[in-house]
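Summary of the model geometry
For reference, the chains in residue letters:
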Amino acid sequence: MGALIVQDLLPGRAKGLLWKAVDDDHPTLLDLALKGAVAMEALFEKEIFCEFFDSLAFPVGVLGTDQRFLAANRAFIETYGKGLGDVVGKTCYNVLFHSEEPCNPLGCPFPLLFAEKRAVTIEKQIVHSDGVAAWEEITCEPILGKSGQISHIVATMRDISRFRRVEKKLRKTRDFFEKIIASSVNPIIVADMEGKIILMNESARQLFGYPDLEGPIGIDVDKHYPPGEGKGIMKKLRSKDSGGVGKLHYMETMVRDVNGFEIPVEITASIIYENGEEVATMAILQDLRPRIEAEKRLEKARMQLIQSEKLASVGRLAAGVAHELNNPLGGILMYAHLLLEDLQEEEQIKKTLLKVIDQAERCKRIVKGLLDFSRQAEPETKELDINEVLQETLSIVEAQSLFQDIEIRKELGSTLPPIVGDRWQLQQVFMNLALNAAEAMEGKGILTIETGLEGGSVIIRVKDTGCGIAPENISKIFEPFFSTKSDDNKGTGLGLAVSHGIIATHGGSISVDSVAGKGSTFTIRFPPKDGMNPSKYPKGIDA
């Protein structure tokens, strides 16, 4: 009986030899000697085995088929119990979960282990002997006897709490980035290297018209680009010219929704790499339709603003117009009376009639100029002689009472290259500058208009000898609704802002130099018409 117990503890060749020695009915002296040698060998192997078993860093326990522990290594004892007696002979659910009731079969590895006779791994949260709860990976592996039935079960425990924490952080980080993508107001599309869509956020789904987020998955992304555009984007992504290899910083293109309707978008894209290999592409889109619509509204508002400023300018001229119309009309009446008195003098009548006609033509020119200036029209750009535009504008203002005591000096460069622009809008700019100069001089002073070439640009300078602009206001004068005029009825504060906008749309610029108490100089620069060579024209103004 004792030999059978020892045999159960011995591994390998020693078991067979010991069994043969014990089972022999007629032992010889040699047999007895062999039995002693085998027993010594078995004891030595058992000691080695026990030392190896105890030296394992992770908890290992051996259970019987009744789920009671038969043995456990030192790491197991220290982790889950206070002593060997707290483990050996106790059930697994008592030792590990401090329960007198078996575990729920759905969370227990033994039903599957006994049914399929294979190793089963589960993850459980277990409270250690120090009271700290930890996640453990429990692997239960069956040991089969000679009959093929399970005789013992080896349970190996591995603390995976740290991995669980890392996994939780990674999952949290992944969920966070997924939320960022999902909640982005910009449409985001991710496709694999075969061009199949693998991710599309809600904004992209709405842009392309998919009813749900699963709809676009697996669809060829080229379906949403005009023919060849998808390949063109990939070519740019792989070149160094669009932000570096693997990056596309900015591009405007068209995409198509599920119905084939084209949508203007701005796109930024990148290639996603894994271990140096291209695995996917990501595109972030911005629908340009709202911006385009806003630009249209802004342009419409700008045109309305220009028209409003025209009307405001006409209002500023209204008093002068009434006065100036009275002068030629008074002359007409006077000469008409003379005509009545001198009906007998035919030569004198002829001269008088010529003066009547001259004064009437003057009225016609003034009224026509005002009507042309106030007419609202779409911008009509064409080749213009800037000197001619200035002469037409000055012919309107110089006859006004506001300019009666102002000397207008014209220093216009000859043979200037033409520019391309809208005649009426440029007349509005020059009209506004002239009126501002006259008001700054309070109707007395010198207004100088110069034209010429500087640095390849056509230059117009409007100089006055008025009150000038305070230094703190220089940076504000082109802002809408900013005015230096103390009388609110004299201006809207829109004139220079509108002028600045008109000049900018013509590809030009405007700047001002001013000395308080001495006057101001506004300088406008326009590019010559395409193809013109400014170097062959005289400068007209010294640079």
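Bear in mind the structure is a predicted one, so any value in this text is a computation, not a measurement.

This next bit is on helix α9 (residues 229-237). Turn by turn, an α-helix covers 3.6 residues, leaving residues three or four places apart pointing in a common direction. Among the residues making up α9, those that are buried are G230, I233, M234 and L237. For α9, the angular spread of buried residues about the axis comes to 100°, placing them on one side. Turned more than 90 degrees away from the buried face of α9, the exposed residues are K231 and K235. Its buried side turned inward, α9 meets β8 (247-256), β9 (262-274) and β10 (277-287).

As a working rule, side chains carrying opposite charge can pair if their charged atoms are close by. All told, the structure shown has 18 salt bridges when counted by the stated rule. Two residues, R174 and D175, come together in a salt bridge whose shortest N-O distance is 3.8 Å. Taking relative accessible area as the criterion, R174 reaches 47% and is therefore assigned partly exposed. Overlapping salt bridges, with partners in common, bring together E252, E266, R291 and E295 in one network.

Let us now look at the packing of aromatic side chains. One pass over the full model with this rule turns up 4 aromatic pairs. With a centroid separation of 4.8 Å and 55° between ring planes, the pair formed by F76 and Y80 is classed as tilted. Pair noted here: F76 and Y80 are both in helix α4 (residues 74-80), with a separation of 4 residues, about one helical turn. Here a set of aromatic residues connected by ring pairs shows up, and it is made of F69, F76 and Y80. Positioned above the aromatic ring of F97 is the side chain of K124, whose terminal nitrogen or guanidinium carbon lies 5.8 Å from the ring centre. Over the aromatic face of W135 sits the side chain of R164, whose NZ or CZ is 3.7 Å from the ring centroid.

Another point: the nonpolar core. Among the nonpolar cores identified, the biggest contains 40 residues, and I386, L426, F430, L447, I460 and I524 are the most heavily contacted of them. Going through the elements one at a time, α10 (289-341), α12 (386-397), α13 (423-440), β14 (444-454), β15 (457-463), α14 (495-505), β16 (509-515) and β17 (519-526) are the ones with two or more residues in this core. Looking at which element gives the most residues to this core, the answer is α13, with 9 residues. Contacts of I524, omitting those with residues within four sequence positions, involve V429, F430, L433, V458, I459, I460, I503, S509 and I510.

Moving on: the sheet that holds β8. Within a sheet, neighbouring strands are paired by backbone hydrogen bonds and run either parallel or antiparallel to one another. Judged by pairing direction, the sheet is antiparallel, and its 5 strands sit side by side in the order β7-β6-β10-β9-β8 without closing on themselves. Of all the strands in the sheet, just β7 (197-200) and β8 have a single pairing partner and so form its edges. Between one strand and the next, the sheet's axes are offset by a mean angle of 25°, whatever the strand orientation. Strand direction decides the pairing type here: strand β6 (residues 188-192) and β10, joined by 5 bridges, are antiparallel. Its bridge partner lying in β10, I188 is registered against I284. Running over the sheet, α9 touches β8, β9 and β10 and is turned about 175° from β8.

Further remarks concern empty space enclosed by the protein. Enumeration over the complete set of coordinates arrives at 2 cavities of 30 Å³ or more. In this structure, the second largest cavity encloses a volume near 40 Å³. Listed by contribution, the elements that provide at least two residues to the lining of the second largest cavity are α12 and α13. For the lining of the second largest cavity, the per-class residue count stands at 6 nonpolar, 1 polar and no charged.

Both β8 and β9 contribute to a ladder of 8 bridges, which runs antiparallel. By the bridge assignment, K247 is partnered in β9 with S270. Adjacent in sequence and paired antiparallel, β8 and β9 are bridged by 5 residues, among which G260 carries a positive phi angle near 85°.

Thresholds, definitions, all that
For every chain, the first residue of the written sequence is number 1, and numbering continues from 1 onward in sequence order. Totals for whole chains, interfaces and linings use all residues, but because this is a predicted model, local features are given only for residues with pLDDT of at least 70 and pairs of side-chain atoms are given and counted only at 80 or more. The basis for every side-chain value is the complete set of heavy atoms in the structure, and neither hydrogens nor water enter the calculation. Only protein chains enter the accessibility calculation, which uses a 1.4 Å probe; a residue is then buried when its area is under 20% of its type maximum, exposed when over 50%, and partly exposed in between. Helix and strand definitions follow DSSP, with helices as H or I runs of at least four residues and strands as E runs of at least two, each counted in order from the N terminus. What the arc measures is the spread of directions leading from the helix axis to the C-beta atoms. We call two residues in contact whenever any of their non-hydrogen atoms come within 4.5 Å of each other. For salt bridges, the criterion is a side-chain nitrogen of Lys or Arg within 4 Å of an Asp or Glu carboxyl oxygen. Pairing of aromatic side chains requires ring centres within 6.5 Å, counting the rings of Phe and Tyr and the six-membered ring of Trp. Pairs whose planes differ by under 30 degrees are stacked, by over 60 edge-to-face, and all others tilted. Note on criteria: charge over ring means Lys NZ or Arg CZ within 6 Å of the ring centre, with the direction from the centre no more than 35 degrees off the ring normal. Here the nonpolar core consists of buried residues drawn from Ala, Val, Leu, Ile, Met, Phe, Trp, Tyr and Cys, with membership extended through side-chain atoms lying within 4.5 Å. Note: two strands are recorded as paired if DSSP finds a minimum of 2 bridges between them. Working convention: axes come from line fits to C-alpha atoms, limited for helices to the stretch in contact. Angles between N-to-C directions cover 0 to 180 degrees. Every definition here rests on a 1 Å grid over the protein atoms only: cavities are sets of points where a 1.4 Å probe fits but cannot get out, pockets are open sets enclosed by protein on both sides within 12 Å along at least five of seven lines, and lining residues have some atom within 4 Å of a point. Grid points are joined across faces, edges and corners, and a volume is the space filled by probe spheres set on the points. Polarity classes work like this: nonpolar for Ala, Val, Leu, Ile, Met, Phe, Trp, Tyr, Cys and Pro, charged for Asp, Glu, Lys and Arg, and polar for all others, with Gly in that last group.

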